[in-house]
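Here is what each chain is made of, one letter per residue.
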Amino acid sequence: MNTGERLRQLREQYRLSQNDVAKVLQVTTSLISSYEHGERTPSPSKLVQLADLYHTTTDYLLCRNNSYDDTIFLSLNGLSSRQIVLIRELVETMRIL
């Protein structure tokens, strides 16, 4: 599998159209198509946006590893200490269930 195939697979898994992805990345649909067909490679900044969109890593998109990581990283910037504690408690509760 190559990067383009992986991008298409993830887009379809998330039930997004090429137009949906193009809107998020603020590019044309034809550019998304060219990524998926291996005609072009996403720039580093677009690659990061794609990894964020699909909740994965740039390494996975670039086929540097084959494990799709369901780990989600959340930015806690701007949250109060109390909000951070509540999020941690929620995560721990979800792990128990």
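Residues numbered from 1 in each chain as written. Predicted model: local features only at pLDDT ≥ 70, side-chain atom pairs only at ≥ 80, totals over all residues. Heavy atoms only, no water.

## Considerations on the nonpolar core
One recurring pattern in soluble globular proteins: nonpolar side chains tend to sit buried together.
Line of reasoning, step 1. If you look at the biggest cluster of nonpolar residues, it comprises 14 residues, and the most contacted ones within it are Tyr35, Leu50 and Leu61.
Line of reasoning, step 2. If you list the elements that add at least two residues to this core, you get helix H1 (3–13), helix H2 (18–25), helix H3 (29–36), helix H4 (44–53) and helix H5 (58–61).
Line of reasoning, step 3. When near neighbours in sequence (up to four residues on either side) are disregarded, Leu50 contacts Leu7, Val21, Leu25, Tyr35, Pro42 and Leu61. (Core = buried A, V, L, I, M, F, W, Y, C linked by side-chain atoms within 4.5 Å. Buried < 20%, exposed > 50% of the residue type's maximum accessible area, 1.4 Å probe, protein only. Helix = DSSP H or I, 4+ residues; strand = E, 2+ residues; numbered from the N terminus. Contact = heavy atoms within 4.5 Å.)

## Here we look at empty space enclosed by the protein
Line of reasoning, step 1. Per the stated rule, a full pass over the model turns up one cavity of 30 Å³ or more.
Line of reasoning, step 2. By volume, the largest cavity is sized at about 40 Å³.
Line of reasoning, step 3. What lines the largest cavity is Leu7, Arg11, Val21, Ile32, Tyr35, Glu36, Leu50 and Tyr54.
Line of reasoning, step 4. Looking at the lining of the largest cavity, the elements that each hand over two or more residues are H1 and H3.
Line of reasoning, step 5. A per-element tally of the lining of the largest cavity places H3 first, with three residues.
Line of reasoning, step 6. Here the lining of the largest cavity is composed, by residue class, of six nonpolar, no polar and two charged. (1 Å grid on protein atoms, 1.4 Å probe; cavity = no way out; pocket = protein on both sides within 12 Å on 5 of 7 lines; lining within 4 Å. Points joined across faces, edges and corners; volume = space filled by probe spheres on them. Nonpolar A, V, L, I, M, F, W, Y, C, P; charged D, E, K, R; others polar.)

## Focus on the confidence of the model for the protein chain
Detailed reading of the predicted coordinates is not advisable wherever pLDDT is low.
Line of reasoning, step 1. Looking at the protein chain as a whole, the pLDDT averages 88, with 92% of positions reaching at least 70.
Line of reasoning, step 2. When the elements of the protein chain are averaged for pLDDT, helix H6 (residues 81–96) gives the smallest value, 86, and H3 the largest, 97. (pLDDT = per-residue confidence, 0-100.)

## Some words on the packing of H2 against H4
Line of reasoning, step 1. The N-to-C vectors of H2 and H4 enclose an angle of 120°; their axes lie 10 Å apart at closest approach. With respect to their mutual orientation, H2 and H4 come out oblique. Considering only the axes of H2 and H4, their crossing is right-handed. Counting all contacts with H2, which are made through Val21, Val24 and Leu25, the residues of H4 involved are Lys46, Gln49, Leu50 and Leu53.
Line of reasoning, step 2. Class assignment of the residues belonging to the contact of H2 with H4 gives a composition of five nonpolar, one polar and one charged. (Axes fitted to C-alpha atoms, helices over the stretch in contact; angles between N-to-C directions. Parallel < 35°, antiparallel > 145°, perpendicular 65-115°, else oblique. Left-handed = near helix turned anticlockwise from the far one by under 90°.)

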